[in-house]
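Architecture and fold: a report
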Amino acid sequence: MFLISPLSLSVILNPSSSRRTGHYNVQRSRPGEKPPYQRCSSQESLDELALDDYWKELAIIQHTGDTEPQEEVQLKVADEGEQEEAWLTEAGLATLFDESAADGEDSMVLLSTLTRTQAAAVEKRVETLKQTLRKRNKSYSVPDVRDIFKPPASQDTKDDESASSGGSDNTKKETVSSEAEPCGGGAETETDINLEVSFSEQALLSYKDGSKVTQPVNEADDKLPDFKVVRDKTGMTKVGDLAAADMKKVRRLVLIEMTALFDTAGIDLKTHKPLKIKVKESGLFGVPLSTVLEQDQKRVPGSRVPLIMQRLISHIEEEGLHTEGLLRVPGASTRVKAVCQELEQKFYDGLFPWETLKQHDAASLLKLFIRELPHPLLTVEYFSAFVSVLKFPTKKQQLQALNLLVLLLPESSRDTLKALLEFLQRVIDHKEQNKMTLNNVAVVMAPNIFMFKGFRSKFSEQQEFAMATGMANIVRLLIRYQNLLWTIPKFVMNQVRKQNTENQKKMNRDRAVKKLLKKMAYDRDKNKEKRGGFIRVQAPQFSKVSMAVQLTEELQASDILARFLSQDSSVSVKREDLCLYEIGGNIKERCLDEETYMKALLELNPSAEWVIKSVQR
């Protein structure tokens, strides 16, 4: 049973659909006819005429059909109360409704770091769950929302108390920060992305100032804002820079922050879950992404992006990205189907004759691989959130929402999406030759990314029209701002550091006195070195495995790497594969941005160790 309303989804994607359907009936051709051809110029906006390629792509998809008939994914909206339970569990807060759940202490530490808007998002889910359970006469012990954010009964110091009252003190700090000048000097502009203050807190402040004015959706390519991140001396953190334990904390915090951002904007967010379906258990096309990667990793350990996708992209690029109409011009459908079957049989054996594969056929196969995934690349769980992004009133907030959603994606979806977006940008870089601008690529790729199996044939033509512009604009934002979307905001990193600090305090209290004294003695010796303006850097891969480095205001991570490399020419590892890591203290492990200022970071994490080693990504 298909339980998400196609009409409601079309309204999410394009709230102004009702006034445009008349125009649609004139412009839209029947599937069997050739649509009116209106080539969008290099800087046109996404209007009805520019979407001609979208309808052509849909017609191609319908004509090509599926590689093999298989069951379509069905989406189900969670029952009342079920959604709140699932959300609290995913956020690491299951103890708020189930006392037997694990990580009770971790939940309290997490709650102590939340901002005002984040705390409100948690309170809203807890209160909704309480009301639902009352209706069902269930006996779950759900705490009163007023009790959730009370500080712990026993605390060691006043500092502990202020750090643990995230629902109040943290809010004051966040509010002040949002009005202050960003790190690096100068007033923050409309195109500056502030990563130091919670996005939902920034949104709340902007709405209070009366700036909730919706910006036009369909700017031309050259009119999209040139957003930039306000750089911080402690360095940028990207996906892949952190240890798994810290990424788990990041994901929980990002889920809470994403929900708070949607709540603050008044956007109703319903998550969906896929009903179980029968899927192919092996092969290349129409196979779950996780299954493809399992197959790949048996042959190439550590594969993070499907090998067939990598190979198709490589082949397209080998033929040259200057080809006019690349991605837009389809391959011959009968030939594409035949090549698809041949790849299924010969790809893993290395017997497929790549020299015979035409470039447009390879591009068609790449799009086929994406749209034939049994579950969408953007995942069923967050699909409605992605399509709701355009409901935010400003481009900056849309970008912030996309940033959080990308961080929430499973690793396999996130890595595959990144590889796809990077390739699409390379195609756009050759737009003078191939005539494929950002708009052109977005409208061609949108139906392949969004119209996955579970959505096909679910919509009328008028609903499809309402969705077309929205889908294309979301893909446009993903491509245009991809360099920002894989960044972990600093305010999230600060919350992770607070959690680790609190957990470390608990561990210290539980340790034997002997071990504690030994560590204190070690720390005392180490801090003497630091007080003298030095840090000790370990480098096990170098002949000089340790070096004391003097700190200056301008010393960056790249300077330390350069210093070690200049003294040891025998290292076999490439420069780009080495990273200076921050380890311990209030972080598990973090690969440092090369522009990180070491003295500023040491002030943020005075107990850290510094190690140069190969990047593990």
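Residues numbered from 1 in each chain as written. Predicted model: local features only at pLDDT ≥ 70, side-chain atom pairs only at ≥ 80, totals over all residues. Heavy atoms only, no water.

According to the stated counting rule, one finds one disulfide in the structure shown. Paired through a disulfide, Cys579 and Cys591 show a sulfur-sulfur distance of 2.0 Å. Residues Cys579 and Cys591 share a disulfide whose torsion about the S-S bond is about 115°; that sign makes it right-handed. Taken together, the residues span a long stretch of sequence, with Cys579 in strand S9 (residues 578-584) and Cys591 in strand S10 (residues 587-591) at a distance of twelve residues. Neither residue differs from the other here; Cys579 and Cys591 are each classed as buried. (Disulfide = S-S within 2.5 Å. Helix = DSSP H or I, 4+ residues; strand = E, 2+ residues; numbered from the N terminus. Buried < 20%, exposed > 50% of the residue type's maximum accessible area, 1.4 Å probe, protein only.)

This brings us to the pattern of salt bridges. With the rule as written, the count across this model stands at 21 salt bridges. We note a salt bridge from Arg231 to Asp593, for which the minimum N-O separation is 2.3 Å. Note that Arg231 is positioned in the loop between strand S3 (228-229) and strand S4 (237-238) and Asp593 in the loop between S10 and helix H26 (598-604), a separation of 362 residues in sequence. With relative accessibility at 17%, the residue Asp593 sits in the buried group. Linked through salt bridges whose partners overlap, the residues forming this network are Lys124, Arg125 and Asp263. (Salt bridge = Lys/Arg side-chain N within 4 Å of Asp/Glu carboxyl O.)

As a packed pair, helix H13 (residues 307-318) and helix H15 (residues 359-371) sit with axes 9 Å apart at the nearest point and diverge in direction by 150°. One finds that H13 runs roughly antiparallel with respect to H15. Read as a crossing pair, H13 and H15 show a hand that is left-handed. Contacts from Ile308, Met309, Leu312, Ile313, His315 and Ile316 of H13 reach H15 at Gln359, Ala362, Ala363, Leu365, Leu366, Phe369 and Ile370. For the contact of H13 with H15, a count of residues per class yields eleven nonpolar, two polar and no charged. (Axes fitted to C-alpha atoms, helices over the stretch in contact; angles between N-to-C directions. Parallel < 35°, antiparallel > 145°, perpendicular 65-115°, else oblique. Left-handed = near helix turned anticlockwise from the far one by under 90°. Contact = heavy atoms within 4.5 Å. Nonpolar A, V, L, I, M, F, W, Y, C, P; charged D, E, K, R; others polar.)

The next point concerns unusual backbone geometry. Trans peptide bonds make up most of the peptide bonds, and negative phi angles are found at most residues other than glycine. The phi torsion at Leu327 lies on the positive side, around 80°, for a residue other than glycine. Along the polypeptide, Leu327 turns up in the loop between H13 and helix H14 (333-346). Classification of Leu327 as buried rests on a relative accessible area of 0%. At Lys435, a residue that is not glycine, the phi angle is positive and equals roughly 60°. Here Lys435 lies in the loop between helix H19 (431-434) and helix H20 (438-450).

In this structure, Tyr54, Val122, Leu327, Leu343 and Leu365 are the most contacted members of the largest nonpolar core, which totals 129 residues. Not counting the four nearest positions on each side in its chain, Tyr54 is found in contact with Val443, Ala446, Pro447, Met451, Ala468 and Met471. Core analysis: the second largest hydrophobic core is formed by 22 residues, Val549, Leu561, Leu602 and Ala608 among them. (Core = buried A, V, L, I, M, F, W, Y, C linked by side-chain atoms within 4.5 Å.)

To continue, consider the UniProt feature "coiled-coil region" (unreviewed entry) in the protein chain. This chain's UniProt record puts "coiled-coil region" (unreviewed entry) on residues 414-441. Helix makes up 82% of residues 414-441 and strand 0%, whereas the separation of the span's terminal C-alpha atoms amounts to 20 Å. (UniProt positions renumbered as here; feature names shortened; annotations may be inferred.)

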